[in-house]
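Structure assessment
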Amino acid sequence: MAIHKKDLEQIAAAAAQLQPLLKRVETEEEYGRAVEWLNSLLDEAQGNENHPLAPLIDTLGDRIGDYEDVHYPMGEAADPISTLRFLMEQHGLKQKDLASIFGSAGVASEVMSGKRQLNKRHIELLAERFGVSPAVFF
């Protein structure tokens, strides 16, 4: 099946627009921009793993993760709530901003205070929201 010239032109135009999202993150400025883009993409996809943006979210999350591994090494494994607090701070979020992930503000409060543990659903949604591996919450 041959690709038509018009299709190739559309693909080239889309690739040019996506290039900044697909390239390796090398500076703090690029990192900040990548995190903003990832948050916007995550907001648009609303947790739908089949959303057309899902592959782009995964790729951008990997680029951010690679940068963080080099520039923000975690050292000893942090407890899940400390990790969550760190990510919230980095993204300028408050506890109430995660109520939708936890199902309610009350559950968010219980998790953040250590009265309730993160469950599998919470971990999956948090990992997607912050573009990190679910393993950081174990």
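Check the entry above for the structure.
All figures in this text were calculated on a predicted structure; none of them were measured in a lab.

Notes on the overall build of the protein chain
- When its secondary structure is counted, the protein chain shows seven helices and zero strands.
- Reading the protein chain from its N end, one meets helices and strands in the order α-α-α-α-α-α-α.
- Residue burial in the protein chain is summarised as follows: out of 138 residues, 33% are buried.
- In the protein chain, once contacts between residues fewer than 6 apart in sequence are set aside, the share between residues at least 24 apart is 55%.
- Counting only carbon and sulfur atoms, one obtains 52% of the accessible surface of the protein chain, whose full area is about 9200 Å².
- For the protein chain, the separation between the mean place of its 14 positive charges and that of its 22 negative charges on side chains is 4 Å.

Thoughts on the packing of helix H2 (residues 28-45) against helix H3 (residues 54-71)
- Running from amino to carboxyl end, H2 crosses H3 at an angle of 150°, the nearest separation of the two axes being 10 Å. As the angle between them shows, H2 and H3 are arranged roughly antiparallel. In this structure, H2 crosses over H3, and the sense of that crossing is left-handed. Between H2, through Glu28, Tyr31, Ala34, Val35, Trp37, Leu38, Leu41, Leu42 and Ala45, and H3, the contact on the second element is made entirely by Leu56, Ile57, Leu60, Gly61, Ile64, Tyr67 and Glu68.
- In terms of residue class, the contact of H2 with H3 is made up of 13 nonpolar, one polar and two charged.

Some thoughts on the pattern of salt bridges
- For the structure shown, the criterion picks out five salt bridges.
- In this structure, the salt-bridge partner of Glu30 is Lys23, at a minimum N-O distance of 2.8 Å.
- Between Arg33 and Glu29 there is a salt bridge; the shortest N-O distance is 3.2 Å. Residue Arg33 and its partner Glu29 are located together in helix H2, separated by four residues, close to a single helical turn.
- On the basis of relative accessibility, which here comes to 32%, the residue Arg33 falls in the partly exposed class.

Section: helix H7 (residues 120-130)
- Within the sequence span of H7, burial applies to His122, Ile123, Leu126, Ala127, Arg129 and Phe130. Within H7, the buried residues cover an arc of 165° as seen down the axis, which keeps them to one side.
- Each element contacted by the buried residues of H7 is listed here: H2, helix H4 (80-90), helix H5 (99-102) and helix H6 (105-112).
- With a side-chain oxygen positioned 3.0 Å from the backbone nitrogen of Arg121, the residue opening H7 is Asn119.
- The first or second residue beyond H7 is Gly131, which carries a positive phi of 65°.

Some words on the side chain of His51
- Mapping His51 onto the fold places it in the loop between H2 and H3.
- Among the polar contacts listed, one links the side chain of His51 to the backbone nitrogen of Leu53, at a separation of 3.0 Å.
- The residues contacting His51, other than those within four sequence positions of it, are Glu44 and Ala45.

Looking at the environment of Asp66
- Among the structural elements, Asp66 can be located in helix H3.
- Judged by relative accessible area, which is 47%, Asp66 ranks as partly exposed.
- It is 7.9 Å that separates the C-alpha atoms of Asp66 and Val25, two residues lying 41 residues apart in sequence.

Let's talk about the nonpolar core
- Grouped together as the largest cluster of nonpolar side chains are 19 residues, with contacts concentrated most on Leu84, Leu98, Phe102, Leu118, Leu126, Phe130 and Phe137.
- Every residue in contact with Leu98, bar those within four places of it in the chain, is listed here: Leu84, Met88, Leu93, Leu126 and Phe130.
- Tyr31, Val35, Ile57 and Leu60 belong to the second largest nonpolar core, which has 14 residues in total.

Calculation criteria
- Residues numbered from 1 in each chain as written.
- Predicted model: local features only at pLDDT ≥ 70, side-chain atom pairs only at ≥ 80, totals over all residues.
- Heavy atoms only, no water.
- Helix = DSSP H or I, 4+ residues; strand = E, 2+ residues; numbered from the N terminus.
- Buried < 20%, exposed > 50% of the residue type's maximum accessible area, 1.4 Å probe, protein only.
- Contact = heavy atoms within 4.5 Å.
- Areas by Shrake-Rupley, 256 points an atom, 1.4 Å probe, with all protein chains shown as cover.
- Lys, Arg positive; Asp, Glu negative; His and termini not counted.
- Charge placed at Lys NZ, Arg CZ, Asp CG, Glu CD.
- Axes fitted to C-alpha atoms, helices over the stretch in contact; angles between N-to-C directions.
- Parallel < 35°, antiparallel > 145°, perpendicular 65-115°, else oblique.
- Left-handed = near helix turned anticlockwise from the far one by under 90°.
- Nonpolar A, V, L, I, M, F, W, Y, C, P; charged D, E, K, R; others polar.
- Salt bridge = Lys/Arg side-chain N within 4 Å of Asp/Glu carboxyl O.
- Arc of directions from axis to C-beta.
- Polar contact = N/O pair within 3.5 Å; in protein donor to acceptor, adjacent residues only side chain to side chain.
- Core = buried A, V, L, I, M, F, W, Y, C linked by side-chain atoms within 4.5 Å.

These figures capture arrangement, not role.
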